[in-house]
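Observations on the three-dimensional arrangement
Given next are the chains, with one letter for each unit.
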Amino acid sequence: MLSLLILLLNLTNHALGQNPAIKAILTNKGLQYGSHIGADWMQEKIGSVIIPDVRGGVDIGIGTVHYVLDGISVSGCDFPEPSVEFYEGVGLKAVISGLSISMSGNWHTRFGIITDGGSFDLAVFNVDVTSVVQIGSDWSGHISISSENCDARVGEASINFHGGASLIFQPFVSLFHNRIKAIIEERICPVVEERVTDLEQHLAEMQVSFKVNSALVLDVPLTNSPLVDSISLGLDLKGEFYSVQSHTDPPFKAEPFNLPEDKGHMLSLGLSEFTVNSASYAYFSAGLLQAQINDSMIPKTSPFRLNTTSFGPLIPQLPKLFPNMLMELQVYARDVPMFSFQADKVTLEFPGAVKAFAIQPNASRTPLFKLNVDSIFSGMIRISEEKLKGLIELSNFTLTLASSEVGTFQTAALEKFMKLGMKISVLAKLNAKLEEGIVLPTKHHIHLVNPALKIQQGFVSIASDLDVKSGEREHF
């Protein structure tokens, strides 16, 4: 039943004093689904549970019979759906009522110098377990999972011995029924606590950063302890991208935002402008927002070539000063491109620049001019078929002459030409890709079901149900 928590609590650490850029809310609907798949998983796996040997002694009035029950395996289990709820200010409370398990194994007895043995069948009925798990953070800032309280009660235990002198020994079974029940009760909670401790260790050993690609690292530490109320679990994450070259913070901060809880869905996620802008800053600061364009990159079918002759109608003096020469363009961002989220719309302001060079016969480059190119893009995004889809349009495009080695020239015609090229070539290809969709990453083979994406002021929210295929639950 803790499987769904791993999805949310995975790879987190503290970053106190910062506003979160990513928020996640697990609702009661999500908790119940996690409880359900956890129960199914336990039903499938309980048969492979290794049960330790049971040793003890029973006073039968004329002495003590020492016994060992070993080779114990589960032969059947009725695992009821647990009742799981958020425990405000603490974590989770889980109650299992009416659990029944049948087991079989071997028995060995020693009474003085007399030894005997055979097989046995053990049935345990009406087992009730109540467990409270605390969710917090440890001194190092990692997520802390600990067993706050555990209580186990066994209703009945029935055991039958076979083989050896079991017919003689069977009448004395009632004398140690209570002992068997006590042993089982004593061992349930330590098993629960061991499982919780294993999860705690697993979380404590996890890294707090994801290497997204060869250029970016995403940090997702907690900005404060998990918030648990009676209906949900909330996580606030730093959500900041860094360049792999340097761990430099951007010159802007994450702004606070309130992620609304969608009780109709299992999970709500919120992603602020800061996260995507930190990625933009990381690319920019690493010098990755630039490209070299030469004539070989222009489609052969295009009548316009990247040479001084084709630029003649736009810059008349250029072919006169540098006749019949190939050109090269250096396109780059002169400042950090910034995203902004408004109601139902994403906007990107891209302050760019273009440096033009003439390629001399000896392959050296001669600077020609520099243009400042300021673009504003706007668009919408949606989720469909577990893919991110959308549409982008050019809202504004301004071209100005920053410097020139060939003399001044009017930029109006060049601006019109470049704007048309931007729409026909760049945006057309980008929108075709967005219409095709970008597959959303999933974790632990969890699939989004009926996700609803909404662009709000300062952040994007996604509310979704989840689905874990039965064959994929091995990964939990």
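Above: the structure in question.
Overview of the structure. (Residues numbered from 1 in each chain as written. Predicted model: local features only at pLDDT ≥ 70, side-chain atom pairs only at ≥ 80, totals over all residues. Heavy atoms only, no water.)

Topic: the sheet that holds strand β12 (residues 240-243)
Here is the rule: Strand pairing is defined by DSSP finding a minimum of two bridges between the two strands. Put simply, DSSP marks the helices as runs of H or I at least four residues long and the strands as runs of E at least two long, and each gets a number from the N terminus on. Only the contacting stretch of a helix is used when fitting its axis, a line to C-alpha atoms as for every element, and angles between N-to-C directions run 0 to 180 degrees. Note on contacts: a residue pair qualifies if any of its non-hydrogen atoms lie within 4.5 Å across the two residues.
Read from one edge to the other, the open sheet built from three strands follows the order β8-β9-β12, with strand pairing classed as antiparallel. Looking at strand neighbours, the two that pair on one side only are β8 (209-211) and β12, the edges of this open sheet. Between one strand axis and the next, the sheet turns by 30 degrees as a mean value, whatever way the strands run. Judged from the three bridges that link them, β8 and strand β9 (residues 216-219) form a sheet pairing that is antiparallel. Each residue of the ladder has a partner; that of Lys211, found in β9, is Val217. Docked against the sheet, helix α5 (residues 273-285) engages β9 and β12, running at close to 5 degrees with respect to β12.

Details of the layout of surface pockets
For clarity, the threshold we go by: Here a cavity is any set of points on a 1 Å grid over the protein atoms alone where a 1.4 Å probe fits but cannot get out, and a pocket is any open set with protein on both sides within 12 Å along at least 5 of 7 lines; a residue lines the site when it has an atom within 4 Å of a point. Grid points are joined across faces, edges and corners, and a volume is the space filled by probe spheres set on the points. Note on residue categories: nonpolar means Ala, Val, Leu, Ile, Met, Phe, Trp, Tyr, Cys or Pro, charged means Asp, Glu, Lys or Arg, and polar means any other residue, Gly included.
Of the pockets and cavities examined, the second largest pocket occupies roughly 1400 Å³. In terms of lining residues, the second largest pocket is bounded by 44 residues, among which Met42, Val49, Ile188, Val191 and Val192 are the most central. Of all the secondary structure elements, the ones that give two or more residues to the lining of the second largest pocket are α2 (28-45), β3 (64-78), β5 (91-111), β6 (114-137) and α4 (177-204). Here the lining of the second largest pocket takes 11 residues from α4, the largest share from any one element. Of the residues belonging to the lining of the second largest pocket, the class tally is 35 nonpolar, four polar and five charged.

A look at the environment of Gly458
Basically, it comes down to this: Exposure classes here rest on a 1.4 Å probe applied to the protein chains alone. A residue is buried below 20% of its type maximum, exposed above 50%, and partly exposed in between.
Secondary-structure assignment places Gly458 in the loop between β21 (446-456) and β22 (459-468). Residue classification places Gly458 among the buried residues on the basis of a relative accessible area of 19%. Measuring from C-alpha to C-alpha, the distance between Gly458 and Val406 comes to 44 Å, with 52 residues separating the pair along the chain.

What about α4?
The following threshold applies: To estimate the expected span of a helix, count its residues, drop one, and scale the result by 1.5 Å.
If you check α4, its first and last C-alpha atoms are 41 Å apart, about what 28 residues at 1.5 Å a residue would give, namely 40 Å. Where α4 is concerned, the buried positions are Ile180, Ile183, Ile184, Ile188, Cys189, Val196, Leu199, Glu200 and Leu203.

Re the nonpolar core
Applied cut-off: For the purposes of this section, nonpolar cores are sets of buried Ala, Val, Leu, Ile, Met, Phe, Trp, Tyr and Cys residues that join through side-chain atoms within 4.5 Å.
Leu69, Phe120 and Leu122 are the most contacted members of the largest nonpolar core, which totals 33 residues. Looking at this core, the elements with two or more residues in it are β2 (54-59), β3, β5, β6, β7 (143-162) and α4. Among residues more than four places away in sequence, those in contact with Leu122 are Ile101, Ser102, Met103, Ser158, Ile159, Ile180 and Ile184.

Things to note about the environment of Leu99
Counting through the fold element by element, Leu99 comes out in strand β5. In the structure, Leu99 is positioned 55 residues away from Val154 in sequence and 9.0 Å away in space, judged by C-alpha atoms. Ignoring sequence-local partners within four residues, the contact set of Leu99 consists of Cys77, Asp78, Phe79, Pro80, Val124, Phe125, Asn126 and Val127.

Examining the packing of aromatic side chains
Using the following cut-off: Under the pairing criterion, centres of Phe, Tyr and Trp rings, with the six-membered ring standing for Trp, must be within 6.5 Å; the plane angle then separates stacked pairs below 30 degrees from edge-to-face pairs above 60, leaving the rest tilted. A ring has a charge above it when a Lys NZ or an Arg CZ is no more than 6 Å from the ring centre and no more than 35 degrees off the ring normal.
This structure, assessed with the given rule, holds seven aromatic pairs. Considering the side-chain rings of Phe252 and Tyr281, the 6.4 Å spacing of their centres and the 85 degrees angle between planes classify their relative orientation as edge-to-face. Of this pair, Phe252 sits in the loop between β12 and β13 (267-272) while Tyr281 sits in helix α5; the two residues are 29 residues apart in sequence, bridging distant segments of the chain. Exposure class is identical for Phe252 and Tyr281. Each is buried. Taken together, the ring pairs connect Phe252, Phe274 and Tyr281 into an aromatic cluster. The ring of Phe257 has Lys23 sitting right over it, with the charged end atom 5.1 Å from the ring centre. One residue, Arg365, lies across the ring of Phe357, its end atom 3.9 Å from the ring centre.

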